[in-house]
Amino acid sequence: MSTPNDAPTWQAEIDALQAELAAAIAAADDAATLRQLEVDALGKKGSVTALMKRVGTLPPEERRAYGAVAGAARGAVQQALTARAEALATARLQAELDDRSFDETLLGQPDRRGAVHPIALVQRDIEDVFASMGFQVLDYPEVDSEFSNFEALNIPGWHPARDMQDTFWLHGGHLLRTHTSAGQVRTMHKLGGEPFRAIFPGRVFRYESTDASHEHTFHQVEGLMIDRAPAAGGPGVSVGHLLDAMRTLLSAIFGEAVKVRLRPGYFPFVEPGFELDIGCRNCGGSGCSVCKQSGWLELLPCGLVHPNVLRMGGLDPAQWQGWAFGLGLSRLVMMRYGIGDIRLMLSGDARFCEPFAAGS
Amino acid sequence: MFVSWRWISEMVDTTGVDPVAFSDRFVLAVAEIEGIVQIGPGLEGVRVGEVVGVAPHPNADKLRLADVDLGAHGRVRVVCGAPDLRVGMRVPFVPPGCKLPSGIEVRDGDVRGERSPGMLASEADLGLSEDHDGLLELHGCDAANGTELLDALPIRDTLYEIDNKSLTHRPDLWGHIGIAREIAALLDRPLCTPSAEVAWTTAPPLAAGVTIAADAAEVCPRYLAARFSGVRVGPSPVATRLRLRALGVRPISNVVDATNLVMLETGNPLHAFDARFVRGETITVRLATPGETIRTLDDVVRTLEPTDLVIADGAGPVALAGIMGGGDSEIREETESVVLEAANFDGARIRKTSARLGLRSESSARFEKSLDPDLPAFAAARFARVLAELSPGAVPASALLDVGSHPAAPAPLPVITTSRGYLRQRLGLSAELLPDAALDRTLQRLGFTVDAQGDVLVVTVPRFRAGRDVGIADDLVEELGRHYGYDRIPSATVLAEAKPAPLPADKQLERRLREICALGAGLTEVQLYSFEHEPTRERLGLQSHDAAGRELPRLRLRNTLSSEHVALRRGLAEGLLGAIERNLGHGTAAAPPQKGLRVGLFELGRGYLPEQQPAEGADYGLPAVLLGDAGDDARDGYLARLGPALAADAEAAVQGRKPLPHEPRRLAIAIGERTGGAADGGVAEALPAELTASLWQEATAALAAICDGLGLPAPLLRRADRDAVLLATAEAGPGLPDAAPGWLHPGRHAWIVLPAGAHGPARRLGLCSMLHPRARAAMEVPAEVVLVEIDRDALLAASEGIVRRAGRPPRLPATSFDLSIPVRADVGADVLRGRVHSALAGAATLGAMLEDVAVVTTFRADQGAHPYTVTLRVRLRSEERTVRDVEAQQARAAIAHALVDWQDGCEPAPVTPALAERLGLGASA
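Please read these numbers as outputs of a predicted model, since none were measured by experiment.

## Focus on the overall build of chain B
Here is step 1 of the chain: Tallying secondary structure elements over chain B gives 26 helices and 35 strands in all.
Here is step 2 of the chain: On C-alpha atoms alone, chain B measures out to a radius of gyration of 42 Å, which is more than a quarter above the 29 Å that the 2.2 N^0.38 rule sets for 925 residues.
Here is step 3 of the chain: Along the first, second and third principal axes, the C-alpha set of chain B runs to 125 × 85 × 60 Å.
Here is step 4 of the chain: Burial statistics for chain B: of 925 residues in total, 44% are counted as buried.
Here is step 5 of the chain: Contacts in chain B between residues far apart in sequence, at least 24 positions, make up 73% of those at least 6 positions apart.

## Things to note about the overall build of chain A
Here is step 1 of the chain: Within chain A, the regular secondary structure consists of 12 helices and 9 strands.
Here is step 2 of the chain: What you see for chain A is a C-alpha radius of gyration of 43 Å, clearly larger than the 21 Å of a compact globule of 360 residues, by over 25%.
Here is step 3 of the chain: Principal-axis analysis of the C-alpha atoms gives chain A an extent of 135 × 45 × 45 Å.
Here is step 4 of the chain: Looking at chain A as a whole, 47% of its 360 residues are labelled buried.
Here is step 5 of the chain: Sequence-distant contacts, at least 24 apart, represent 65% of the contacts inside chain A between residues at least 6 apart.

## Comments concerning the sheet that holds strand β32 (residues 783–791) of chain B
Residue and element names in this part refer to chain B.
Here is step 1 of the chain: A sheet is described by the order of its strands in space; here 7 strands give the open sequence β26-β27-β28-β32-β31-β30-β29, paired in mixed fashion. If you trace the sheet from one side to the other, it starts and ends with β26 (524–525) and β29 (716–718), each paired once.
Here is step 2 of the chain: Relative to strand β30 (residues 744–754), β29 is paired through 3 bridges, and the arrangement is antiparallel. Residue pairing for β30: R718 is matched across the bridge by W751.

## Things to note about the interface of chain A and chain B
Here is step 1 of the chain: Chain A puts 81 residues into the contact, and the matching count from chain B is 92 residues.
Here is step 2 of the chain: Sort the elements by how many residues they give to the side of chain A that touches chain B and helix α9 (residues 239–254) of chain A lands first, with 8 residues.
Here is step 3 of the chain: For the side of chain A that touches chain B, the per-class residue count stands at 36 nonpolar, 25 polar and 20 charged.

## Considering the packing of helix α2 (residues 31–42) of chain A against helix α4 (residues 60–98) of chain A
All names here are of chain A.
Here is step 1 of the chain: Remark: α2 packs on α4, axes separated minimally by 10 Å, with the N-to-C direction vectors making an angle of 170 degrees. Relative to α4, the element α2 lies roughly antiparallel. Of the residues in α4, those touching α2 at A31, L34, L37, E38, A41 and L42 are V77, Q78, L81, R84, A85 and L88.

## Points about the environment of V69(A)
Residue and element names in this part refer to chain A.
Here is step 1 of the chain: Within the secondary structure, V69 sits in helix α4.
Here is step 2 of the chain: When the C-alpha positions of V69 and T33 are compared, they lie 26 Å apart, and in sequence the two are 36 residues distant.
Here is step 3 of the chain: Those residues in contact with V69 that lie beyond four places of it in its chain are Q11 and I14.

## Overview of the sheet that holds strand β11 (residues 210–212) of chain B
Residue and element names in this part refer to chain B.
Here is step 1 of the chain: Taken together, 5 strands build an open sheet; the order of strands is β11-β14-β17-β18-β19 and the sheet is mixed. Edge positions in the sheet fall to β11 and β19 (324–325), since each has one partner strand and no second.
Here is step 2 of the chain: Here 2 bridges tie strand β18 (residues 317–320) to β19, and the two strands are oriented antiparallel to one another. Note that in β19 the partner of A319 across the bridge is G325.

## Some details on the confidence of the model for chain B
Residues and elements named next belong to chain B.
Here is step 1 of the chain: The predicted model of chain B averages 91 in pLDDT, with 95% of residues at 70 or higher.
Here is step 2 of the chain: Note on residues 903–909: pLDDT under 50 across the span, and 8 contacts to partners over four residues away in sequence or across chains.
Here is step 3 of the chain: Model confidence for the complex: the whole-complex pTM is 0.86, and ipTM, which rates the interface, is 0.87.

## Examining α4(A)
All names here are of chain A.
Here is step 1 of the chain: Here α4 is 39 residues long and its end C-alpha atoms lie 56 Å apart, about the 57 Å a rise of 1.5 Å per residue gives.
Here is step 2 of the chain: Of all the bends in α4, the greatest measures close to 25 degrees and is centred on Y66.
Here is step 3 of the chain: The set of residues buried in α4 consists of Y66, A70, A73, V77, A80 and R84.
Here is step 4 of the chain: Where the residues of α4 are buried, they touch α1 (9–27), α2 and α3 (47–53).

## Focus: unusual backbone geometry
Peptide bonds are mostly trans, and most non-glycine residues show a negative phi.
Here is step 1 of the chain: In this chain, E271(A) is followed by P272(A) through a cis amide linkage whose omega measures -5 degrees.
Here is step 2 of the chain: Along the polypeptide, P272(A) turns up in strand β7 (residues 270–279).
Here is step 3 of the chain: Backbone geometry places Q293(A), a non-glycine residue, at a positive phi of 70 degrees.
Here is step 4 of the chain: Secondary-structure assignment places Q293(A) in the loop between β7 and β8 (296–305).
Here is step 5 of the chain: Residue classification places Q293(A) among the exposed residues on the basis of 11 C-beta atoms within 10 Å.
Here is step 6 of the chain: Notably, R112(B) is not glycine yet its phi reads approximately 50 degrees, a positive angle.
Here is step 7 of the chain: Looking at the element boundaries, R112(B) is found in the loop between β7 (108–111) and β8 (114–117).

## Comments concerning the pairing of β8(B)
Residues and elements named next belong to chain B.
Here is step 1 of the chain: Here 4 bridges tie β7 to β8, and the two strands are oriented antiparallel to one another. Looking at β8, one finds that V111 is bridged to E114.
Here is step 2 of the chain: With antiparallel pairing between neighbouring strands as the criterion, β7 and β8 make up a hairpin whose turn holds 2 residues, including R112 at a positive phi of roughly 50 degrees.

The rules behind the values
Residues numbered from 1 in each chain as written. Chains lettered and ligands numbered in written order. Predicted model: local features only at pLDDT ≥ 70, side-chain atom pairs only at ≥ 80, totals over all residues. Helix = DSSP H or I, 4+ residues; strand = E, 2+ residues; numbered from the N terminus. Rg over C-alpha atoms; globule rule 2.2 N^0.38 Å. Buried ≥ 20, exposed ≤ 12 C-beta atoms within 10 Å, placed from the backbone. Contact = placed C-beta atoms within 7 Å. Pairing = 2+ DSSP bridges. Nonpolar A, V, L, I, M, F, W, Y, C, P; charged D, E, K, R; others polar. Axes fitted to C-alpha atoms, helices over the stretch in contact; angles between N-to-C directions. Parallel < 35°, antiparallel > 145°, perpendicular 65-115°, else oblique. pLDDT = per-residue confidence, 0-100. Expected span 1.5 Å × (residues − 1). Bend = angle between axes of the 7 residues up to and from the residue.

Shown next, in the form of structure tokens:
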């Protein structure tokens, strides 16, 4: 029992607790400690909360005074906590702003980079160029008949041209196509009857030993354009048309104006047949070691479609004319990416493709 | 083939034409030049010297001292090492200061203590040939001692080295006359061919005559023979020998050199027999009898077949026709009488024998091009003239006997009827650019006879272009074009009006797959051979088998380059596995070949399946119209247009038709990780389960990314023993990989199945498997590998027509709960997930709210009836309101109900009612 004259004993108690808490708050130097102090003081079972609960045990006349003092103490503690929390946050921010230990020079390493094969990259570009000019992109079997690969192309059995393309023969009579030209007559039967233009890229095979510039398996793109002859009311297809088409298409593929020239070249399925040279892109035509001082690089065979091939394709040469070319895709890939050994292309060596991670 | 500009200039006036500058025009109009050789530069200062004294070298046994007379230029003594040095011989003397074409620099210095101001030279020293055998003896050179060699001998020349391949179709260009004709036409100057006037006698060359056997008549349309007497065999004059050398032919003796010179001049190979060894005074051209043998000039005994053509005398074969003479009748030193053969043979037959025997010669290279049958008579006459020069006193001792079908009844010359309009149209030239007169004249200069009737031209092809070279108007287009100059033809626009063509769906799909695999999944694309690598296949046991355990067939090569590549691949994964092994062996650019190195590869390519021949719509590699698919009328019309020769070829192709093998398009993925380093000898450590799981996770994540990237639902991974019903009902296309390839791990693999959905029915896409442990053990690098092979066309079929839409962010939050369900050891977590999903999806309200069921974690205990615990997360959401707790409870009950009732055909209940109770899934109904 206390009397009204007694100095309130709780006053000192409250003061002591408040001082103790103030010291502890001031000493707290991280958010977790501060949070713990808050719980210990103001939580359900906290020391300050306990003070507040004591008000009910006091005589009624003291309750008001007690309430005011305890409330003030709680407010002070609350305020100290908030102030300290803000101070700590400010310090933390400043510390981070002042920190110079971060090493920005360390470059991140991807887990593992993927890559697209360079043949696929160049093939994609070529398909896009031709498609944009109205060429359909077609695909044909790699195992084909002797007919598709030879007879249909005006290369009968006795023909010396069969020497030029040593062939992998399969048991059972078929062969591995030696050129994408094997698709020419297929395409005429598929699209003939209307003017058309098409390319057919793909793998071809030659029965020949390999070295840095020869592979038994490589890639070509065949191009074929057929239109009505003047006799059938069409524009016809001339050497002049072929020249223009090749110049336009090759300029698009190389991304710059390309000079082209035609030399006589013999391929039984075209007449006249040509070797097409492009101006050497290394020296600009003035002559260098790449072009053997000639200023020209042999790029592809082409020509006007031979009437016998049109006939094999079910087209009447009096009504239809055309041109065709066979582009060495592998060779173009080697030119574009500076590949010195064709055998790397199908080696399956991941190190060869890795530089193509980001695409072309 | 080499062409001598000096020789050409003997037939065409080339005054004022620089052969090097002219070569550009030649390349554009005639044939490809691979190189130009100049003979003369570097030989200035070299003089004719005569050896007038020979003395021993005091300090060296193998060296001697030669006194050389240089006429007005005095006399010098030089050191000489040539064993054939002798007094009286005339040889080239090279004074000090000369730098020869061979690279030799001659100085005035001491050779073993004796001064030697200059040297005596061999052919090789002068860069005239590779011949180091002794000094170049100047036989038949009349120039005075001291004369400059270049003045004394006609050797200054420019040689074009022509690419033989660019002459394949031009038999007329295999001799200098043919080349001279082209050059004369280009220069518009006359061509003067050498004289072929010969005084033949009337005697028969062989008493018993020359016969072409009936069965050889087609193979030998013409055979000429003549006899020459008074022959004295010896070396040809030095100028002749050097000309042969320059053109790449080895000088042998004047008689043989004469045959070779005429071949180089006319293009027609000749053969000379020693008349003494033509037994029975007769020659028969016939097919070989089976097993017949001949010893050819290269001293090899060759066994012949009945398709080979031989030249036989009364006792047997003396030459392999058109390819090589026989050793027994060759010209010898004492030969006095020579029988000359000048013939024409069928090109294809010569090529066949030459290829079969692997025996190629200057002769076969020419005959196989199908030479002009008029040529041998001219060549025989030229031989008579050349022989008289090289062997003075040699004279014809017979008539020029000429037998065969060609001299009896020459085939008419081809006549081409066309129009100037057509010829110009094909070139893209107007009448202004190529006027009538110029057009006609160009053809005439090349030997064509032109008969103009208005615009129509009737062009007769000369014999030397008539073979298989020029026969149709388009061939004349080429003649005109190349002589007009292709570089002068104006270009004409054709592509301007083009409408872009859409890229086909399979190309678009492949591009998408590349992006996903390379850029998304971090895999490196490779493109590998279509041939399997036999040693790897054997070592790793990669053969595919059918259900009965029989090995599946592969397409085998009839001719192989090596024993490593003998058959085409059925699938792609085998090759990828080999590539993984190699890459793990040598490491990548970023990482050395150590334990922990991981390599991921993919390939888009095709397999080759010999056994798959679709019943209908089979591709025979022949036009459908030819097979009669469009009816007999269409077929007959097609054949009629082909003409008899092509139609015969086409019909033969139909007779022998066979369907082409199926070429399934595939995507394969392989990811491998090294489990041991090089340092530990590559010994594999125990394979951690985490590694297998992590590889499986990576490979199947790529699969998930592929399906997701194509707008398809996530694929299901199912082994046959786990979900037979799904596998039995899912569509399987013809492009699926083999069901039992050698790499398949029986317990660690799955079929990849696309569940049914908006894209269509459930579909098998392919296989995913860890590497079979036997193959793993046989790898040259310790590694664990996961392999995937997918039927690209199944992906194509499923993804066609898929329309992708942007996501709609939901308005309200989802409610989700996790369930940890212990199941039997052999239950698949995703099968359980599927079961839970369908249990909820089937319920009315819940089904509408079901958003997702996912596998969160799995845990496998060592023992117990249900050692495998799968934690699933079920997510419910409604667009209208928040999902209520009671609805989540209902969902749990529905799941419990479904699991306890799980009695699918192949799956006994994995969860018992008691277990469901214990899990608090609610009571089963």
